[in-house]
Each structure stands twice: as C-alpha cells, then as structure tokens.
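Residue strings, one per chain:
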Amino acid sequence: MSRIRLEIRIVPRPGLLDPEGKAIQSGLQSLNYTDIHEVRVGKILLIELDADSTQDAINQATSMCQRLLANPVTEDFLIKLHEDSENSE
Amino acid sequence: MKVAIITFPGSNCDYDLYKCVQLVGGNPEFLWHRDSSLGKVDAVMLPGGFSYGDYLRAGAIAAMSPIMAAVKEFADHGGPVLGICNGFQVLCEANLLPGALLPNTSLLFASKEVTLSVENNSTIFTDLYESDRSLRMPIAHAEGNYYADEETLERLEEDGRVMFRYLGPQGKPTNESNPNGSANHIAGIINTKGNVMGMMPHPERAVETILGSVDGLDLFKSLLNHISASKRV
C-alpha cells in the first residue's frame, strides 16, 4: 500500500448553463477583459488515500465520482495524479 | 396515517411538516438520518432545509445517509414518498426522481410566494385539486432550477409526470415569472409509478389562513384519503 494524492476536477457539463461562470465573466468584462468567450466554474477536490497502486487509487476515485462526488446528470469529472504523490511510494 | 418525517442535520422544515400532518389528522413521527429502518409507516416525507449545509451539492450527502436505503426500499414497494424543497433535491440525488436541481439562474436565494398550476390532478398527492385551480404557496431556495436532458423532459411531459408549473400573472408560465430558471417552468414532478413526488414550493407553509394561503392543505388531505382508502380495502 502506498499513500497516493489525487486531484479530482468536477465541472458543469458543456452546454449546461453556468450562472456563476456568467456572473464572473461579466465581472471580468467590467475590468476590460473583453475577449472572454466563456467562464465556467467547477470544483477541485484533493484526496489522499492508501492504495495498492496508482491505478487502484484512480479506480477508487472513479467509483467515488460516480457514486457521490459528481452528479452524472450535470457534471463531468477528471482525475489526475497530484504532483509529488510518486515521492511517497 | 403514520408518516415518517426524516430529519437530516440541517433540515429546518421538519416541524412545519409535523404540524401539517397533524392538522390533516395524520400521525407524524420524526426519524433521524442515521436510523436504518422506517418501522411501520404509511408514508415518508423529506423536509426542506439545508441538509449538510448544502455541501458538495444540495441533497447529495443526505441522499447517502443510512435511512435513505430504507426510503428507497419503501418507495420500490409502492410506499408514498414526498420530498419538499431540500427533500426534492435529496430525491433527485438518490435517483428516486430523474434530473437535478441547479443553482437559480439569478444566483439569488429566491424567497417569495409563487403561483402554481396543477398539471396532473390524478395522483395520490393531488386528486383533491380541480385541474384548473392555481395555487399560491411560498418558495425559499437557492438551488431550485430543475434540469434534465431533453429526452427525460420529453418523457416527463408525455407521461403527465410534471405536477406543478410556475405561473405568471396572466395564469400562463412565462420566463419572467419563472423564479429559478427551471426547464419547462417545472416546480414539481412525480416518478413513473406515481408514488414518489418532489416539489420546490412549500405546501406545508400554506395550510392555515394565518400563513397567507391554505392551498397546500389539499395535497396532504389527498394523500391521507388515499392511505385511509387503501387501508379499508
């Protein structure tokens, strides 16, 4: 078993209205960042867990996303190995 | 009618529901989210509030609590389940109802009285309402923007499973009178079997004249009648 750190990124599905992103975009436009096409807001979860391998950790995280962390109707998720996770192996 | 009212950490309409069930002659009972059994009850109600502080997504963590396994089993066997506001969010997150409730398009917490149409008055929750009746009751939510993919929306509409819609002053749904951006102005839906209903407006806060409206009363009476009738058979 080794300690593995993962970064899970959860974002609203493409095409889904993201009112928070829209509000931020209009704030940025007020600051004259006028070339912005779109802002979308999601969340990042940093998860540290013990697993047999990196693949095992990713499999566990995928299951967590499917069962709780992401809503399959409205959100997509992306799981990445967090930097310096390898060092702890 | 013995009704289980589930209290999650952060529920705040559980006592309103308790009082309301008593008002229509039912026998309410509080159950805690950590309970694993419903016992012998005739109906289950999930109250409004902010379970788990709405962390992650409104209703998401409550949907995983121990009592929800028992609620799912109860629903699978045809038991009536009503989710109001946060309770509706929990039912969607628990996959007992399709779709999801997103943040209001205004990004504001919407707290006001709305007018609703009764879209389907042939269910156990609505059969005392006349089909052309419009209802006044309050809403109080930040995530009430009903969303489902096109296919699911079409199915809901075709099957008559949209229960309530937000209406404008002319008695028709309009974008201006839609308080949260809900698809097709949807305020409440029911499952295919007709025993699980979720709605964002609060019928339990419209049951006495002093509250400004009694339009929610017939919803609870409909359910009570249905349960009493099924017990007589």
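This one's a predicted model, so the numbers in the text were calculated from it and none came from an experiment.

**Student:** So, the overall build of chain A: which residues are in play, and what are the values?
**Tutor:** For chain A, the helix and strand inventory stands at 2 helices and 3 strands. Each helix and strand of chain A, ordered N terminal to C terminal, gives the series β-α-β-α-β. For chain A, the C-alpha radius of gyration of 17 Å lies well beyond 12 Å, the compact-globule estimate for 89 residues. Principal axes of the C-alpha set define a box for chain A whose edges measure 50 × 30 × 15 Å. A total of 89 residues make up chain A; the buried ones form 31% of that total. Considering only residue pairs separated by 6 or more positions, chain A has 73% of its internal contacts joining residues 24 or more positions apart. Surface exposure of chain A reaches about 5600 Å², of which carbon and sulfur atoms provide 51%.

**Student:** Describe in detail helix α2 (residues 54-69) of chain A, supporting the description with residues and values.
**Tutor:** Under the 1.5 Å per step criterion, the end-to-end length of α2 of chain A is only 19 Å for 16 residues, more than 12% shorter than the ideal 22 Å. Each element contacted by the buried residues of α2 of chain A is listed here: β1 (2-12), β2 (43-51) and β3 (75-81) of chain A.

**Student:** Outline empty space enclosed by the protein, supporting the account with residue identities and numerical values.
**Tutor:** Regions of empty space are outlined by a rolling probe, equal in size to a water molecule, passed over the atoms. Residues and elements named next belong to chain B. This model, assessed by the stated rule, comprises 1 cavity of 30 Å³ or more. Taken as a whole, the largest cavity spans an internal volume of roughly 50 Å³. Elements represented by at least two residues in the lining of the largest cavity include exactly α3 (86-93) and β7 (134-141).

**Student:** Now, about the sheet that holds β2 of chain A: what can you tell me, with residues and values included?
**Tutor:** Residues and elements named next belong to chain A. Overall, antiparallel pairing links the 3 strands, which are arranged β2-β1-β3 in an open sheet. Looking at which strands have only one partner, the edges of the open sheet turn out to be β2 and β3. Each strand of the sheet is rotated relative to its neighbour by a mean of 25°, with strand direction disregarded. Relative to β2, β1 runs antiparallel, the two sharing 9 bridges. Within β2, the position partnered with Leu6 by the bridge is Ile47.

**Student:** Can you break down the interface of chain B and chain A residue by residue, with the values?
**Tutor:** Counting residues at the interface gives 13 residues for chain B, matched by 14 residues for chain A. Summed over both partners, the interface of chain B with chain A comes to about 1100 Å²; 73% of that surface belongs to carbon and sulfur atoms. The largest share of the area that chain B buries against chain A comes from Leu56, Arg57 and Leu107 of chain B, three residues that together contribute 46% of it. Our count for the chain B to chain A interface comes out at 1 salt bridge.

**Student:** Residue-level account of unusual backbone geometry, with values.
**Tutor:** Residue and element names in this part refer to chain B. At Leu107, a residue that is not glycine, the phi angle is positive and equals roughly 65°. You can see Leu107 is positioned in the loop between β5 (100-102) and β6 (110-118). Since its relative accessible area comes to 40%, Leu107 is described here as partly exposed. Positioned with a positive phi, Asn184 is a non-glycine residue whose angle comes to about 50°. Mapped onto the secondary structure, Asn184 falls in the loop between β9 (162-167) and β10 (186-190).

**Student:** Break down the side chain of Ser65 of chain B for me, citing the residues and quoting the values.
**Tutor:** Residue and element names in this part refer to chain B. Along the chain, Ser65 falls in the loop between β3 (43-46) and α2 (66-76). Within the local environment of Ser65, its side chain forms a polar contact with the backbone oxygen of Ala62, the two atoms lying 2.5 Å apart. Aside from chain neighbours lying at most four places away, what touches Ser65 is Phe8, His33 and Tyr52.

**Student:** Describe helix α1 (residues 14-23) of chain B, naming the residues involved and giving the relevant values.
**Tutor:** Residue and element names in this part refer to chain B. Those residues of α1 lying buried are Asp14, Leu17, Cys20 and Val21. Taken down its axis, α1 places every buried residue within 125° of arc, on the same side. In the core, the buried residues of α1 are packed alongside β1 (2-7), β2 (27-32), β3, β4 (81-84) and α5 (217-232). Trailing α1 by a residue or two, Gly25 shows a phi angle of about 90°, which is positive.

**Student:** Tell me what's going on with the environment of Lys72 of chain B, and back it up with residues and numbers.
**Tutor:** Residues and elements named next belong to chain B. Counting through the fold element by element, Lys72 comes out in helix α2. Spatially, the C-alpha atom of Lys72 lies 9.1 Å from that of Asn95, the residues being 23 residues apart in sequence. Sequence-distant contacts of Lys72, defined by excluding residues within four places in its chain, comprise Ala94 and Leu96.

**Student:** Help me get a handle on the side chain of Ser182 of chain B, residues and values and all.
**Tutor:** Residue and element names in this part refer to chain B. On the secondary structure map, Ser182 appears in the loop between β9 and β10. Within the local environment of Ser182, its side chain forms a polar contact with the side chain of Asn180, the two groups lying 2.8 Å apart. Polar contacts involving the side chain of Ser182 include one to the main-chain carbonyl oxygen of Ile186, which spans 3.1 Å. When neighbours within four sequence positions are excluded, Ser182 is seen to be in contact with Gly144, Asn145, Tyr146 and Tyr166.

**Student:** Explain the nonpolar core to me, and be specific about the residues and the numbers.
**Tutor:** Leu38, Val44, Phe164 and Phe220 of chain B are the most contacted members of the largest nonpolar core, which has 72 residues in total. When neighbours within four sequence positions are excluded, Val44 of chain B is seen to be in contact with Ala4, Ile6, Leu38, Val71, Phe74, Pro80, Val81 and Leu82 of chain B. Within the second largest apolar cluster, 14 residues are counted, among which are Ile10, Leu45, Ala57 and Cys65 of chain A.

Conventions used here
Residues numbered from 1 in each chain as written. Chains lettered and ligands numbered in written order. Predicted model: local features only at pLDDT ≥ 70, side-chain atom pairs only at ≥ 80, totals over all residues. Heavy atoms only, no water. Helix = DSSP H or I, 4+ residues; strand = E, 2+ residues; numbered from the N terminus. Rg over C-alpha atoms; globule rule 2.2 N^0.38 Å. Buried < 20%, exposed > 50% of the residue type's maximum accessible area, 1.4 Å probe, protein only. Contact = heavy atoms within 4.5 Å. Areas by Shrake-Rupley, 256 points an atom, 1.4 Å probe, with all protein chains shown as cover. Expected span 1.5 Å × (residues − 1). 1 Å grid on protein atoms, 1.4 Å probe; cavity = no way out; pocket = protein on both sides within 12 Å on 5 of 7 lines; lining within 4 Å. Points joined across faces, edges and corners; volume = space filled by probe spheres on them. Pairing = 2+ DSSP bridges. Axes fitted to C-alpha atoms, helices over the stretch in contact; angles between N-to-C directions. Buried area = accessible area lost by both parts, 1.4 Å probe. Salt bridge = Lys/Arg side-chain N within 4 Å of Asp/Glu carboxyl O. Polar contact = N/O pair within 3.5 Å; in protein donor to acceptor, adjacent residues only side chain to side chain. Arc of directions from axis to C-beta. Core = buried A, V, L, I, M, F, W, Y, C linked by side-chain atoms within 4.5 Å.

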